[in-house]
Each structure stands twice: as structure tokens, then as C-alpha cells.
Amino acid sequence: MPERISMGDAGLVVPDQPIIPFIEGDGIGPDIWSAARRVFDAAVEHVYLGDRRVEWLEVLAGEKAYGDSGEWLPGETLEVLWSHLVGIKGPLTTPVGGGIRSLNVTLRQTLDLYVCLRPVRWFRGIPSPIRTPHLVDMVIFRENTEDVYAGKEVEEGTLDAARLRTFLSECYGWDIREDSGIGIKPISVTGSKRLVRAAIRYAITFGRRSVTLVHKGNIMKFTEGAFRSWGYEVAREEFPDETVTWEDSGGDPGDKILVQDVIADAMLQQILTRPANYDVIATTNLNGDYLSDALAAQVGGIGLAPGGNINYTTGHGLFEATHGTAPKYAGLDKVNPGSLMLSGANMFRYMGWVEAADLIEASLEAVIGDRIVTYDLARLMKFATEVKTSQFATEMIERMPIIEEYAALHGTRRAPSDLRAYM
């Protein structure tokens with residue numbers, strides 16, 4: 001009997017037949033969702049042999065919703081996502097003009113999805129602009145409700161800008177040029193601590209080695225710098241047995257999780273030169289935006305970048321393709337479905353269906369390792385076989401029984417280095 005996912009005292013309560021809402025998405029959304037859903041269902045079937053399955057429930061947002069109801073984000077959609085806790089979505093169009101600034105931001109803020117979860121790792125066979133992409137294996141916890149996402153602005157040349165300049169001058173002695181637009185970004189104790197708390201708990205759950213606080217506190221001391229300080233407070237006060245700071249470790253964290261911090265501009269260098277030194281990253285919204293896209297470029301681009309938006313307190317999670325709608329490719333069965341597929345794997349991992357998540361990732365890596373890819377990767381790889389979106393999904397599904405056989409013998413669902421030889 002299909003049931004909703006619920007939240008219990010110990011975390012998510014996931015039935016064997018969970019009802020999971022999905023938003024197909026705009027532009028290329030239908031193409032990648034069709035391919036991804038086939039892969040999700042096949043992985044669950046192969047791993048759980050019919051004991052578990054997903055009951056998919058479509059809800060509308062974006063162009064499809066507007067055409068159906070005249071609303072870009074119907075209230076019914078928000079109600080279903082709220083009541084069912086866990087959902088997944090394709091890319092959505094941002095309406096031009098007034099009204100909703102961004103459908104994605106609205107969904108995150110309405111459901112208070114304060115963590116933007118962006119795992120980034122290299123899959124064997126993917127071309128990369130760096131020499132050591134195999135050392136990239138990080139999970140970014142990007143704050144999702146504050147900083148520039150909650151930013152307030154006044155426009156240059158307006159009465160509001162003049163009033164704000166006068167107020168700041170009279171009350172704080174701040175001298176701001178008359179021809180300036182002015183923006184304010186909030187960063188709170190509550191928002192910062194719950195993000196870092198979630199990052200540390202993730203590191204504990206999945207056996208990660210370190211949590212790095214990324215900030216610009218050398219310049220913005222009471223927002224970015226405060227984020228750093230509040231993060232250390234969480235580690236020292238709430239996880240004293242599981243974590244140790246760099247200062248307290250004496251250079252040797254032992255078997256504890258190392259909590260450290262790096263200034264944002266230095267971190268953009270570090271992920272290029274020393275990626276193996278970093279594991280879980282907790283950071284503010286704008287810094288996380290830069291880091292997640294820069295890291296994605298090192299391991300295959302945005303087409304393979306998964307994303308999830310989570311509230312670990314209420315249990316709500318909305319997983320998504322991180323790229324845009326690419327309308328010129330809509331209906332062509334052409335684009336890379338990897339971002340949505342890997343986002344689905346992360347959704348299953350969040351639900352506790354780790355085996356299905358591992359199988360999705362292993363089958364994707366096996367197909368790419370065989371140089372069977374969509375056009376975006378084919379143009380970067382020698383001797384590649386270019387396939388359509390739907391065929392890429394078929395190739396993944398065909399490899400799943402072999403990967404499961406290998407897992408039964410070797411205890412891991414990571415794809416063997418040469419699946420064809422194993423076959």
C-alpha cells in the first residue's frame with residue numbers, strides 16, 4: 001500500500017512503497033525526467049527485488065502549471081510537497097517580469113529548505129581540465145535561506161536609496177557614494193548554526209574526515225566572520241566527542257572529525273591545488289554558489305552536478321537538476337540526464353535507500369567509463385559513442401544486473417574498472 005513519508009523521533013520514516021511527488025520541469029525537463037525515472041525504478045527493482053517500489057505523484061510548477069491553471073506555482077503543489085516531505089524536480093523557468101523572483105528560491109524559502117546539498121565527485125572516464133580529478137570528493141552544505149537569497153536592495157537614484165544613505169550616515173557615520181545601489185544581506189545565528197550542525201551530522205553519519213567552514217570573515221567580520229565563529233561554537237559545544245578544531249588538535253585530529261576554516265578566495269585555489277584535503281564544506285549562500293559550480297566544472301560540468309534542498313529538522317527534502325531548462329534542446333532527446341539521475345541517487349540516500357543510490361551511481365560511472373555519453377561529453381572525449389538521453393538511461397539499466405552480480409561477489413556496488421571485461 002503506497003504511503004507518505006513521515007518524520008519520527010529518530011528521523012525519516014520511509015515506507016516500502018513511498019509516495020514521492022515529482023515536478024517534471026520545463027524545457028528539457030520532460031526528456032531528462034523520463035530517462036531518470038526509468039533508471040530510478042530499475043535500480044529499486046534490482047536492489048530490493050519487488051519488496052520496495054516508488055509510487056510517483058506528479059505535481060505542477062513552471063510553464064506546465066501556468067498553462068494548466070494560470071499560476072506558476074499553485075498552492076496545491078506546495079501543499080503536496082509539504083505533506084509528503086520528499087520530492088524531486090526538473091529545471092524550472094523563472095517568470096520574466098513581476099511576481100515570483102525565482103520559482104526555485106520560492107520553493108526553498110517556502111519549505112524552509114535551509115541546506116543546499118551539493119555532492120561533487122569525479123566519475124571514471126569523465127574528461128576534466130585538472131590533472132587530478134579523482135581526488136575531488138566533496139559535499140557542499142550551502143546555506144539556502146539567508147545571505148544574498150534573503151538580500152534586500154534599493155536602487156541607485158531612488159528616494160529609497162537617498163533615505164537609506166542618510167540614515168546610515170547619521171546613525172553609523174557610513175559614507176556611501178550618492179550614485180550607489182545599496183544591498184543588505186542577513187546572516188543569523190540560527191541559520192548559521194543549523195547549517196553547520198547538519199554538515200557535522202552528515203560527516204558523522206557517512207564517515208567523512210573533515211568539515212571546512214568557508215567564509216569571507218577577513219572583510220565582513222559581523223556576517224561572514226560571525227558564521228565562522230558560530231560554526232566553531234556548534235562543533236565545540238554540541239559535538240565535543242566527535243569533532244576537534246585545528247587549534248585544539250595540535251595538528252593530529254586522530255579519529256575525530258577535523259573542523260577547520262578557510263577564507264573563500266583561498267578556497268577557490270585550494271579546490272584546484274589540494275582537493276584531497278577537503279571533504280564536507282559548510283558555507284554561506286553566495287560562497288557556496290561559486291564553489292559548487294567551480295567544483296562541478298572540474299568533474300564534468302553542470303550536466304553531472306546533483307543538488308538537494310533539505311530541512312533536516314522537519315524532514316523536508318526537494319532534490320533537483322542543478323542546470324537550466326535549455327529550451328532550444330527541448331524534445332530533442334539530446335541532453336545529459338546525469339544531474340537529475342544523481343540527484344535522485346542522493347534522494348534515495350537521504351531516504352535510507354543507500355543500496356539503490358549506490359547502484360545508480362555505479363551504473364552511470366560504468367556507462368561513462370565505456371565512453372557511451374550524451375553530446376556534451378562526447379565532444380570532449382576521444383573515441384566516444386554519442387547517444388540520446390533515453391539511450392543513456394537504457395545503457396545504465398542494462399549494466400545494473402552485472403553490477404549487482406559483481407556486488408554480490410565483492411561486497412561493493414562501485415562499478416568494476418572494466419565492466420566489459422567482467423561481462
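Residues numbered from 1 in each chain as written. Predicted model: local features only at pLDDT ≥ 70, side-chain atom pairs only at ≥ 80, totals over all residues. Heavy atoms only, no water.

Trainee: Could you give an account of the overall build of the protein chain, with specific residues and numbers?
Mentor: Across its full length, the protein chain holds 15 helices and 17 strands. For the C-alpha atoms alone, the extent of the protein chain along its principal axes is close to 75 × 60 × 50 Å. Considering only contacts in the protein chain between residues 6 or more positions apart, those separated by 24 or more positions represent 72%. Split by element, the accessible area of the protein chain, about 19,200 Å² in all, is 50% carbon and sulfur. The averaged location of the 58 negative side-chain charges in the protein chain is 5 Å from the averaged location of its 42 positive side-chain charges. (Helix = DSSP H or I, 4+ residues; strand = E, 2+ residues; numbered from the N terminus. Contact = heavy atoms within 4.5 Å. Areas by Shrake-Rupley, 256 points an atom, 1.4 Å probe, with all protein chains shown as cover. Lys, Arg positive; Asp, Glu negative; His and termini not counted. Charge placed at Lys NZ, Arg CZ, Asp CG, Glu CD.)

Trainee: Account for unusual backbone geometry, naming residues and giving values.
Mentor: Of note in the backbone geometry, Ala326 takes a positive phi value of approximately 40° without being a glycine. Relative to the helices and strands, Ala326 is located in the loop between strand S15 (317-321) and helix H11 (338-351). For Ala326, a relative accessible area of 31% translates into the label partly exposed. Even without being a glycine, Arg371 presents a positive backbone phi close to 60°. Under the relative-accessibility criterion, Arg371 is labelled partly exposed at 35%. (Buried < 20%, exposed > 50% of the residue type's maximum accessible area, 1.4 Å probe, protein only.)

Trainee: How would you sum up the sheet that holds strand S12 (residues 257-263)? Please name residues and give values.
Mentor: Taking strand neighbours across the sheet as the criterion, the 11 strands line up as S4-S3-S5-S15-S14-S6-S7-S13-S10-S12-S11 in an open arrangement whose pairing is mixed. Single-partner strands in this sheet number two, and they are strand S4 (55-58) and strand S11 (243-245). Sheet twist, expressed as the mean angle between neighbouring strand axes with direction ignored, is 25°. Across three bridges, S11 lies against S12 in parallel orientation. (Pairing = 2+ DSSP bridges. Axes fitted to C-alpha atoms, helices over the stretch in contact; angles between N-to-C directions.)

Trainee: Just give me the short version of H11, but keep the residues and values in it.
Mentor: Here H11 is 14 residues long and its end C-alpha atoms lie 20 Å apart, about the 20 Å a rise of 1.5 Å per residue gives. Counting buried residues along H11, 14 of its 14 residues qualify, which places the element largely inside the surrounding structure. Immediately beyond the C-terminal end of H11, within one or two residues, lies Gly352, with a positive phi of roughly 90°. (Expected span 1.5 Å × (residues − 1).)

Trainee: Talk me through the environment of His84; I want residue IDs and the actual numbers.
Mentor: The residue His84 is located in helix H3 (residues 75-84) in this model. The sequence separation of His84 and Ser390 amounts to 306 residues, and the corresponding C-alpha distance is 28 Å. The contact partners of His84, leaving out residues within four places of it in the chain, are Arg4, Ile5, Ile19, Pro21 and Leu57.

Trainee: Residue-level account of the pattern of salt bridges, with values.
Mentor: In the structure shown here, the tally under the stated rule is 27 salt bridges. Two residues, Asp41 and Arg37, come together in a salt bridge whose shortest N-O distance is 4.0 Å. Placement of both Asp41 and Arg37 in helix H1 (residues 29-48) is noted, with a separation of four residues, approximately one turn of the helix. Classification of Asp41 as partly exposed rests on a relative accessible area of 32%. A relative accessible area of 32% means that Arg37 is categorised as partly exposed. For Glu361, the salt bridge is made with Arg349, and the minimal N-O distance between the two is 3.2 Å. (Salt bridge = Lys/Arg side-chain N within 4 Å of Asp/Glu carboxyl O.)

Trainee: Run through the pairing of strand S7 (residues 137-143), naming residues and quoting values.
Mentor: Regular strands place side chains that alternate from one sheet face to the opposite one. Of all seven residues in S7, six are buried; the element is thus mostly enclosed. Sheet topology note: the strand S6 (residues 115-121)/S7 ladder contains seven bridges and is antiparallel. From the neighbouring strand, Val120 faces S7, where its bridge partner is Met138. For S7 and strand S13 (residues 280-283), the ladder comprises four bridges, and the chain directions are parallel. Residue pairing for S13: Arg142 is matched across the bridge by Thr283.

Trainee: I'd love a proper account of the nonpolar core, names of residues and values included.
Mentor: Counting residues in hydrophobic clusters, the biggest one holds 85 residues, and the most contacted among them are Trp56, Ile88, Phe141, Met347, Phe348, Met351 and Trp353. Among the elements that line this core, the one with the most residues is H1, at 11 residues. Apart from the residues within four sequence positions on either side, Phe141 is in contact with Val115, Cys116, Leu117, Leu195, Ala198, Ala199, Tyr202, Val280, Ile281, Ala282, Thr283 and Tyr312. Counting residues in hydrophobic clusters, the runner-up holds 15 residues, among them Val136, Met138, Ala264 and Leu295. (Core = buried A, V, L, I, M, F, W, Y, C linked by side-chain atoms within 4.5 Å.)

Trainee: Break down the packing of helix H6 (residues 189-205) against helix H7 (residues 224-238) for me, with residues and values.
Mentor: Relative orientation of the contacting elements H6 and H7 amounts to 50°, with a least axis distance of 9 Å. On the basis of the axis angle, H6 is oblique to H7. The chirality of how H6 crosses H7 is right-handed. Along the contact surface, H6 presents Val189, Ser192, Lys193, Leu195, Val196, Arg197 and Ile200, while H7 presents Phe227, Trp230, Gly231, Glu233, Val234, Ala235, Glu237 and Glu238. The class makeup of the residues in the contact of H6 with H7 is eight nonpolar, two polar and five charged. (Parallel < 35°, antiparallel > 145°, perpendicular 65-115°, else oblique. Left-handed = near helix turned anticlockwise from the far one by under 90°. Nonpolar A, V, L, I, M, F, W, Y, C, P; charged D, E, K, R; others polar.)

Trainee: Please give an account of the environment of Ala297 that cites residues and values.
Mentor: Within the fold, Ala297 resides in helix H10 (residues 285-298). Counting along the chain gives 167 residues from Ala297 to Ile130, while the straight-line C-alpha distance between them is 9.5 Å.

Trainee: So, the side chain of Asn336: which residues are in play, and what are the values?
Mentor: Checked against the element boundaries, Asn336 lands in the loop between S15 and H11. Within the structure, Asn336 has its side chain in polar contact with the backbone nitrogen of Gly338 (distance 2.8 Å). In this structure the side chain of Asn336 is engaged in a polar contact, spanning 3.1 Å, whose partner is the side chain of Asp376. What Asn336 contacts, discounting residues up to four positions off in sequence, is Ile32, Gly303, Leu304, His323, Thr374, Asp376 and Leu377. (Polar contact = N/O pair within 3.5 Å; in protein donor to acceptor, adjacent residues only side chain to side chain.)

Trainee: I'd love a proper account of the packing of aromatic side chains, names of residues and values included.
Mentor: As enumerated under the stated definition, the model contains 16 aromatic pairs in all. An angle of 10° between the planes, with centres 5.8 Å apart, marks the rings of Phe348 and Trp353 as stacked. We classify Phe348 as buried; its relative accessible area is 0%. Members of the aromatic cluster, connected to one another through ring pairs, are Phe22, Trp33, Phe40, Tyr48, Trp56, Phe348 and Trp353. In this structure, Arg52 packs its charged tip against the face of Tyr48, placed 4.6 Å from the ring centre. Here Lys334 stacks its cationic end above the ring of Tyr375, 4.5 Å away from the centre of that ring. (Phe/Tyr/Trp six-rings, centres within 6.5 Å; stacked < 30°, edge-to-face > 60°. Lys NZ or Arg CZ within 6 Å of the ring centre and 35° of its normal.)

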